[in-house]
Amino acid sequence: MPAEGARREGRAERFHFIIVGGGSAGCVLANRLSEDPADAVLLLEAGHDRPTAAMNVPLFFSKVSADPALGWNYLAEPEPHAGGRALPIKRGKLLGGSSAINGLAYTRGHPGDFDGWAERGARGWSHAEVLPWFRRVENNWRGESDGHGGHGPMPVSRYGRDEALFQRIATAAAAHGFRENDDFDANGADGFGCYDTTTTRGRRATAATQYLDPIRKRPNLVVRTECHVTRIRVENGRATGVDYERAGLSERALATREVLLSGGTYGSPHLLMHSGIGPHSELAAQGIDTVLDLRGVGANLQEHPVVGAMFACNALFRFDRDMRFDRLALSLLRWRMFGTGLLSGVPLGAVGFFRSRPELARPDIEVAFVTSSFAPRPWFPLVRKPNGKTLWCCTWLLSPESRGRVGLRSPDPRDHPTILHNLLAEPADVAALVRALETIRAFAATPPFSDIIESETMPGERGLEDYIRATAVPGAHPTSTCAMGEGSMAVTGPDLKVKGVEGLRVIDASVMPKVISGHTNAATLMIAERGADFVLGRSKPF
Ligand SMILES: Cc1cc2nc3c(=O)[nH]c(=O)nc-3n(C[C@H](O)[C@H](O)[C@H](O)COP(=O)(O)OP(=O)(O)OC[C@H]3O[C@@H](n4cnc5c(N)ncnc54)[C@H](O)[C@@H]3O)c2cc1C
């Protein structure tokens with residue numbers, strides 16, 4: 001059924017706004033742009049609309065994120081500086097996008113990240129200027145304040161950490177000069193504490209559950225899943241609509257006001273290139289006619305490389321003790337009834353943001369101290385052993401200098417793009433991770449943390465650089481392939497309009513000029529809230 005206000009023309013329907021991609025950003029846009037019943041909005045999502053029961057359970061994060069039925073199942077190009085490994089990449093392909101399969105950590109990034117964006121040409125995106133939109137996103141457990149929103153659609157909940165483990169780590173970190181921080185967002189992502197999470201009553205909160213589900217019945221909003229957009233139509237310099245495939249058939253929809261591209265860091269540049277917008281040489285190599293030679297499309301790919309240190313410990317952590325089958329059964333009951341307990345979180349002891357070199361302006365390293373290596377396993381005495389007394393120190397490099405790119409694999413838009421992260425191409429990135437692992441070792445050798453450590457399992461005796469190049473993986477935070485800003489490599493202006501095309505904006509994680517020093521979902525939601533205001537003329541970047 002066409003939406004109210006939408007019209008059919010020939011075989012094509014007409015809407016005021018067409019949103020491509022129902023992920024973190026796309027769901028925000030669908031909500032905000034359909035607030036006025038006079039505006040007809042179409043949301044097209046390539047994936048499906050079938051949340052699984054496991055998705056609800058934060059504890060099952062690692063299983064959910066690896067479920068091929070929920071993702072795009074990309075395979076990246078072999079990494080020339082990371083052992084030539086071709087690594088699998090996780091990206092959500094369903095309503096909610098990557099927010100439906102992510103690790104639920106809510107971090108906004110460091111204020112300096114956004115000030116840096118503004119300095120790089122994204123005028124109007126300094127921290128002070130974006131804070132109101134971060135606040136609009138949040139329904140923070142701390143309530144409304146200058147630093148937090150208390151009434152937004154996205155619940156931001158307190159993480160129930162293992163207090164005993166946390167105190168050991170925080171005390172050791174303090175001995176090395178790192179402060180305790182109970183609010184990474186309001187106090188800056190710096191020091192040791194615990195994440196907030198995007199959960200509500202112990203259940204995963206996604207962009208779809210929070211922004212889309214409550215307004216799904218608006219008559220002026222059409223949400224179509226399993227619709228793969230294959231081209232943005234551009235006529236006389238203006239985006240006029242999209243072609244998409246549904247159940248093997250080609251369809252067309254026209255946009256009288258704007259097409260909003262929210263396909264994510266891999267999907268958005270890929271679709272732009274298949275629409276003739278991108279570097280001419282790359283398009284020509286695939287026989288695609290160039291509509292606009294925009295060199296920055298697909299370039300500038302940034303990603304946090306992740307490595308880890310693992311320690312064998314001398315006792316089971318609270319989390320692992322609670323994985324005993326009988327206790328787990330009780331936990332399940334508790335979770336179903338009250339949304340609390342083991343199933344309501346991931347097995348995390350502490351999180352630290354620190355500088356690999358003291359002279360850095362802000363932390364460039366994040367480490368999460370995870371029990372059970374994110375792989376919880378039920379056990380019972382004499383029947384099945386527990387996962388082991390292990391602590392995994394998952395370490396992200398937050399300000400990588402290496403740059404990769406997203407490109408075309410073939411002229412067929414249904415083929416996956418080529419994705420080269422180029423992890424560790426810059427020696428400075430490896431050097432920072434070496435120092436990070438050395439720092440983590442130093443914590444682990446400091447009481448009272450050292451009291452629970454038996455031995456280092458990884459990297460062990462192996463040389464650190466060798467270990468890092470052999471084990472680093474993408475941190476699931478890719479950005480910047482349609483970067484906003486100024487200059488010939490910018491794809492959008494600060495108003496998120498694609499340069500050189502009318503009626504087309506990119507609104508998702510791909511527009512970040514530089515990857516932020518934290519997990520990227522919150523900043524993507526903020527960008528979308530702000531982008532919606534630009535589209536509706538409620539705000540301008542400056
Ligand atoms: C495994 C994993 C763990 C993560 N952990 C965290 C975390 O703990 N905290 C955090 O803050 N961030 C985390 N992230 C990152 C965060 O979730 C993303 O940065 C954010 O969701 C990106 O939002 P987006 O709107 O840019 O893209 P997405 O949410 O990926 O949305 C893009 C959408 O567009 C659709 N699409 C793409 N191309 C087309 C097309 N041609 N036609 C139609 N539809 C299309 C996709 O199917 C998808 O639904 C994680 C990500 C992953 C994958």
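Source: prediction; values computed, not measured.

Colleague: Before we go on, may I ask you to explain unusual backbone geometry in this structure?
Modeller: Keep in mind that most residues, glycine aside, have a negative phi and that most peptide bonds are trans. In this structure, the amide linkage connecting P447 to the following residue, P448, adopts the cis form with an omega of 0°. Mapping P448 onto the fold places it in the loop between α11 (427-444) and β25 (453-458). Residues M458 and P459 are joined by a peptide bond in cis, for which omega reads 0°. In this structure, P459 sits in the loop between β25 and α12 (464-471). One non-glycine residue, L382, lies in positive phi territory at about 70°. Note that L382 resides in the loop between β21 (365-371) and β22 (390-397). In this structure L382 comes out as exposed when scored by relative accessible area, which is 93%.

Colleague: Help me understand the packing of helix α4 (residues 127-137) against helix α13 (residues 521-535) in this model?
Modeller: The geometry of a pair of packed helices is captured by two quantities: the angle between their axes and the separation between those axes. Between α4 and α13, the shortest axis-to-axis distance is 8 Å and the interhelical angle comes to 105°. Regarding the angle of α4 to α13, the classification is roughly perpendicular. On α13, the residues touching E129, V130, W133, F134, R136 and V137 of α4 are A522, A523, L525, M526, E529, R530 and D533. Classifying every residue of the contact of α4 with α13 gives 8 nonpolar, no polar and 5 charged.

Colleague: What's the story with the site of the ligand in this structure? I'm lost.
Modeller: Neighbouring the ligand are 38 residues, the closest being S24, E45, S98, A105 and T520. The separation between an oxygen atom of the ligand and a polar side-chain atom of S24 is 2.7 Å. Elements supplying a minimum of two residues to the shell around the ligand: α1 (24-33), β14 (227-235) and α13. Residue composition of the shell around the ligand, grouped by class: 13 nonpolar, 20 polar and 5 charged.

Colleague: Explanation requested: helix α3 (residues 111-119) in the structure shown.
Modeller: Helical geometry note: an α-helix holds 3.6 residues per turn, so side chains three or four residues apart project in the same direction. G112, D113, F114, G116 and W117 are the residues of α3 that are buried. For α3, the secondary structure elements touched by its buried residues are α4 and α13. The positive-phi residue at the C-terminal boundary of α3 is G121, with phi of around 115°.

Colleague: Would you mind showing me how to read the packing of aromatic side chains here?
Modeller: Aromatic rings in a pair are described by how distant their centres are and how their planes are angled relative to each other. According to the stated counting rule, one finds 14 aromatic pairs in the structure shown. Relative to F534, the ring of W125 lies with its centre 6.0 Å away and its plane at 90°, an arrangement referred to as edge-to-face. Residue W125 is found in the loop between α3 and α4, and its partner F534 is found in helix α13; the two are separated by 409 residues along the sequence. Assigned by exposure class, W125 and F534 land together as buried. For the pair F184 and F353, a centre-to-centre distance of 4.8 Å together with 70° between the ring planes defines the contact as edge-to-face. Pair noted here: F184 is in the loop between α5 (163-175) and β9 (191-193) and F353 is in strand β20 (residues 348-354), with a separation of 169 residues, a long-range link. Like F353, F184 is buried. An aromatic cluster is defined as three or more aromatic residues linked by ring pairs; in this entry it consists of F178, F192, F354, F369, F443 and F449. One Lys or Arg, K93, reaches over the ring of W72 and ends 4.4 Å from the middle of that ring. One residue, R530, lies across the ring of W133, its end atom 4.5 Å from the ring centre.

Colleague: I tried to follow a nonpolar patch on the surface on my own but got confused; where do I start?
Modeller: A surface patch of nonpolar side chains, about 510 Å² in accessible area, is lined by F325, F380, L382 and V383. Locating F325 in the fold gives a position in helix α10 (residues 325-338).

Colleague: Whenever I open this one, the environment of A40 confuses me. Can you help?
Modeller: As for its placement among the helices and strands, A40 is situated in the loop between α1 and β3 (41-44). Between the C-alpha atoms of A40 and V222, which are 182 residues apart in sequence, the distance is 8.1 Å.

Colleague: For this particular structure, what's the right way to read the pattern of salt bridges?
Modeller: Two side chains bearing opposite charge may form a pair once their charged atoms approach each other closely. Inspection of the entire model under this criterion finds 34 salt bridges. R355 serves as the salt-bridge partner of D190, at 3.1 Å between the closest nitrogen and oxygen. Here R355 lies in the loop between β20 and β21 and D190 lies in the loop between α5 and β9, a separation of 165 residues in the sequence. We classify R355 as partly exposed; its relative accessible area is 24%. With a shortest N-O distance of 2.9 Å, D243 and R252 are connected by a salt bridge. Here the salt bridges do not stand alone but share partners, grouping R32, E35, R136, E529, D533 and R538 into one network.

Cut-offs applied
- Per chain, residue numbering runs from 1 following the sequence as it is written.
- The model is predicted, so local features are restricted to residues of pLDDT at least 70 and side-chain atom pairs to those at 80 or more, both for listing and for counting; the totals for chains, interfaces and linings are taken over all residues.
- Excluded from the side-chain calculations are hydrogens and water; all other atoms, namely the structure's heavy atoms, are used.
- By the criteria applied, helices consist of DSSP H or I runs no shorter than four residues and strands consist of E runs no shorter than two, each listed in order from the N terminus.
- Only protein chains enter the accessibility calculation, which uses a 1.4 Å probe; a residue whose area is less than 20% of its type maximum is buried, one above 50% is exposed, and one in between is partly exposed.
- Angles shown run from 0 to 180 degrees and are taken between the N-to-C directions of axes, each axis being a line fitted to C-alpha atoms and, for helices, limited to the stretch in contact.
- Roughly parallel refers to an angle under 35 degrees, roughly antiparallel to one over 145, roughly perpendicular to one between 65 and 115, and oblique to any angle outside these ranges.
- Contacts are residue-level and defined by heavy atoms, with any inter-residue pair within 4.5 Å sufficient.
- Under this grouping Gly is polar, as are all residues other than the nonpolar Ala, Val, Leu, Ile, Met, Phe, Trp, Tyr, Cys and Pro and the charged Asp, Glu, Lys and Arg.
- A single heavy atom is enough: if one lies within 4 Å of a molecule or strand, its residue is considered near that molecule or strand.
- By the criterion applied in these results, polar contacts are pairs of N or O atoms within 3.5 Å in which, for protein atoms, one can donate a hydrogen and the other can accept it, and in which residues neighboring in sequence qualify only through two side-chain atoms.
- For Phe, Tyr and Trp, where Trp contributes only its six-membered ring, two rings pair if their centres lie within 6.5 Å, and the inter-plane angle classes them as stacked under 30 degrees, edge-to-face over 60, or tilted in between.
- A ring is scored as having a charge over it whenever the NZ atom of a lysine or the CZ atom of an arginine sits within 6 Å of its centre and within 35 degrees of its normal.
- A residue counts toward a patch only above 30% relative accessible area and without a salt bridge, and it is joined to like-charged neighbours within 9 Å or, for Val, Leu, Ile, Met, Phe, Trp and Tyr, to nonpolar neighbours within 5 Å.
- What sets the accessible areas is the Shrake-Rupley method with a 1.4 Å probe; for residues, cover comes only from the shown protein chains.
- When a carboxyl oxygen of Asp or Glu lies within 4 Å of a side-chain nitrogen of Lys or Arg, that pair is called a salt bridge.

From the geometry alone we can't say anything about function, so treat these as descriptive.
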